[in-house]
Amino acid sequence: MIKKCLFPAAGYGTRFLPATKATPKEMLPILTKPLIQYGVEEAVLAGINTIAVVSGRGKRAIEDHFDISYELEHQIKGGSKEVLLDEIRALITKCTFSYTRQVEMKGLGHAILTGETLIGNEPFAVVLADDLCHNDDKGVLSQMIDVYEKYQCSVVAIEEVPMDQTNKYGVIAGKLVDGTDDTYRITDMVEKPDPKDAPSNLAIIGRYILTPDIFDILRETKAGKGGEIQITDALLEQAKQGKVIAFKFKGKRFDCGSVDGFVEATNWFYDRMKP
Ligand code: UTP
């Protein structure tokens, strides 16, 4: 059973400056809902209600969002706008939220290690809220939990990307698991390779199921590409023992950490909303 979901949310979000100067990237809205709320909803749909957030300086708005605002509640009670709070109220009721701070932004791997204190010694999900995923049938995290239950090892979500974009992602090499067309056992992975060095065009996106031995590996992982502690490097250690599955999920993913992806997501969700 996966009971906890970690949200690394300490990054500076420099691609959205100046919007992210005093506002967390994870709080930027697609229509009326902040990115991180979409991620928490996906986790809840996957049966997870323990939410752990790695935050940082200037990120307090995330904590306030997942809390009751008594003044506001009082102000709109009984009015037509009250319904607008239904979804967030439901999340606050269903979930527990805990927070820890990453003091130095030393990369995603370091952020995940910072979250150990909230996760403990059990397998857990990781959602990068700026990768917004949607599938009508079954959420991406739900699909990944099914895969985890079958293989009982770490699982990363992958997507085919244009070859000239491999330098934006962790890229895998792997062998299709017999009898599947969407499940690979990873043999190698490279962080942000130039297209000429990329082992494939199968890119890791911001959804992971990790087994807790990842923490010990991360403690030993040296800073890699960009001077940051990379989760890809730690996963490679697990992959060497055949213990990482890559899963080509069903659904859409928007890279809302980039302006183009953010606009695309906004338009897509707006079109769906129209009667
Ligand atoms: P990104 O590289 O996409 O986020 O990290 P960023 O650094 O905030 O964005 P830019 O490139 O400056 O615009 C992927 C995820 O990892 C988290 C980020 O918050 C994001 O969710 N992260 C990254 C941390 O929590 N800590 C870090 O030190 C680095």
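The structure contained in this document is the topic of the report that follows.

1. Remarks on the overall build of the chain
Part 1: Along the backbone of the chain there are ten helices and 13 strands.
Part 2: Over its C-alpha atoms the chain spans a radius of gyration of 18 Å, differing by no more than 12% from the 19 Å that the globule rule assigns to 275 residues.
Part 3: For the C-alpha atoms alone, the extent of the chain along its principal axes is close to 60 × 40 × 40 Å.
Part 4: The buried share of the chain, reckoned over its 275 residues, is 54%.
Part 5: Across the chain, contacts joining residues at least 24 apart in sequence account for 76% of those joining residues at least 6 apart.
Part 6: As displayed, the chain has an accessible area near 13500 Å², and 51% of this comes from carbon and sulfur atoms.

2. Re the nonpolar core
Part 1: The biggest cluster of nonpolar side chains holds 41 residues, and the ones touching the most others in it are Cys 5, Phe 7, Val 40, Ile 51, Leu 141 and Ile 209.
Part 2: Sorting elements by how many residues they give to this core places helix H7 (residues 140–151) first, with seven residues.
Part 3: Setting aside residues up to four positions removed in sequence, Cys 5 forms contacts with Ala 43, Ile 48, Thr 50, Ile 51, Ala 52, Ala 125, Val 127 and Leu 141.
Part 4: Counting 33 residues, the second-largest nonpolar core is a separate cluster that includes Leu 113, Ile 158, Met 189 and Ala 239.

3. Quick word on the pattern of salt bridges
Part 1: One pass over the structure, following the stated rule, counts 22 salt bridges.
Part 2: Among the salt bridges present, the one from Lys 250 reaches Asp 182, with a minimum N-O distance of 3.5 Å. Highlighted residues: Lys 250 in the loop between strand S12 (244–248) and strand S13 (252–255) and Asp 182 in the loop between strand S9 (170–176) and strand S10 (183–191), separated in sequence by 68 residues.
Part 3: The partner of Lys 196 in a salt bridge is Asp 194, and the shortest N-O contact between them spans 3.8 Å.
Part 4: A relative accessible area of 69% means that Lys 196 is categorised as exposed.

4. What to know about the environment of Leu 218
Part 1: With respect to the element layout, Leu 218 can be found in helix H8 (residues 213–220).
Part 2: Leave out the neighbours within four places in its chain, and Leu 218 touches Gly 109, Ile 112, Leu 113, Ile 229, Gln 230, Ile 231 and Ala 234.

5. Observations regarding the site of the ligand
Part 1: Taken together, 18 residues surround the ligand, and among them Gly 13, Thr 14, Arg 15, Gln 102 and Gly 107 come closest.
Part 2: The separation between an oxygen atom of the ligand and a polar main-chain atom of Lys 106 is 3.4 Å.
Part 3: The fraction of the free accessible surface of the ligand (570 Å²) that becomes covered by protein chains is 83%.
Part 4: Tallied by class, residues from the shell around the ligand come to eight nonpolar, five polar and five charged.

6. Some words on the environment of Asp 164
Part 1: With respect to the helices and strands, Asp 164 occurs in the loop between strand S8 (154–160) and S9.
Part 2: The class of Asp 164 is exposed, set by a relative accessible area of 57%.
Part 3: Spatially, the C-alpha atoms of Asp 164 and Lys 3 are 37 Å apart, while their sequence positions differ by 161 residues.

7. Let's talk about the pairing of S10
Part 1: Pairing of S9 with S10, which is carried by seven bridges, proceeds in the antiparallel orientation. Of the residues in S10, the one forming a bridge with Gly 170 is Glu 191.
Part 2: Here S9 folds back onto S10, and the loop between the two strands holds six residues, one of which, Gly 179, carries a positive phi near 80°.
Part 3: Both S10 and S12 contribute to a ladder of three bridges, which runs antiparallel. Looking at the pairing, Thr 183 lines up with Phe 247 of S12.

8. Considering the side chain of Gln 238
Part 1: Looking at the element boundaries, Gln 238 is found in helix H9 (residues 231–240).
Part 2: Of the polar contacts made by the side chain of Gln 238, one reaches the side chain of Thr 211; its length is 3.0 Å.
Part 3: Apart from the residues lying within four places of it in its own chain, the contact partners of Gln 238 are Ser 154, Thr 211, Asp 213, Ile 214, Ile 217, Lys 243 and Val 244.

Analysis parameters
- Residues numbered from 1 in each chain as written.
- Predicted model: local features only at pLDDT ≥ 70, side-chain atom pairs only at ≥ 80, totals over all residues.
- Heavy atoms only, no water.
- Helix = DSSP H or I, 4+ residues; strand = E, 2+ residues; numbered from the N terminus.
- Rg over C-alpha atoms; globule rule 2.2 N^0.38 Å.
- Buried < 20%, exposed > 50% of the residue type's maximum accessible area, 1.4 Å probe, protein only.
- Contact = heavy atoms within 4.5 Å.
- Areas by Shrake-Rupley, 256 points an atom, 1.4 Å probe, with all protein chains shown as cover.
- Core = buried A, V, L, I, M, F, W, Y, C linked by side-chain atoms within 4.5 Å.
- Salt bridge = Lys/Arg side-chain N within 4 Å of Asp/Glu carboxyl O.
- Near = heavy atom within 4 Å.
- Polar contact = N/O pair within 3.5 Å; in protein donor to acceptor, adjacent residues only side chain to side chain.
- Nonpolar A, V, L, I, M, F, W, Y, C, P; charged D, E, K, R; others polar.
- Pairing = 2+ DSSP bridges.

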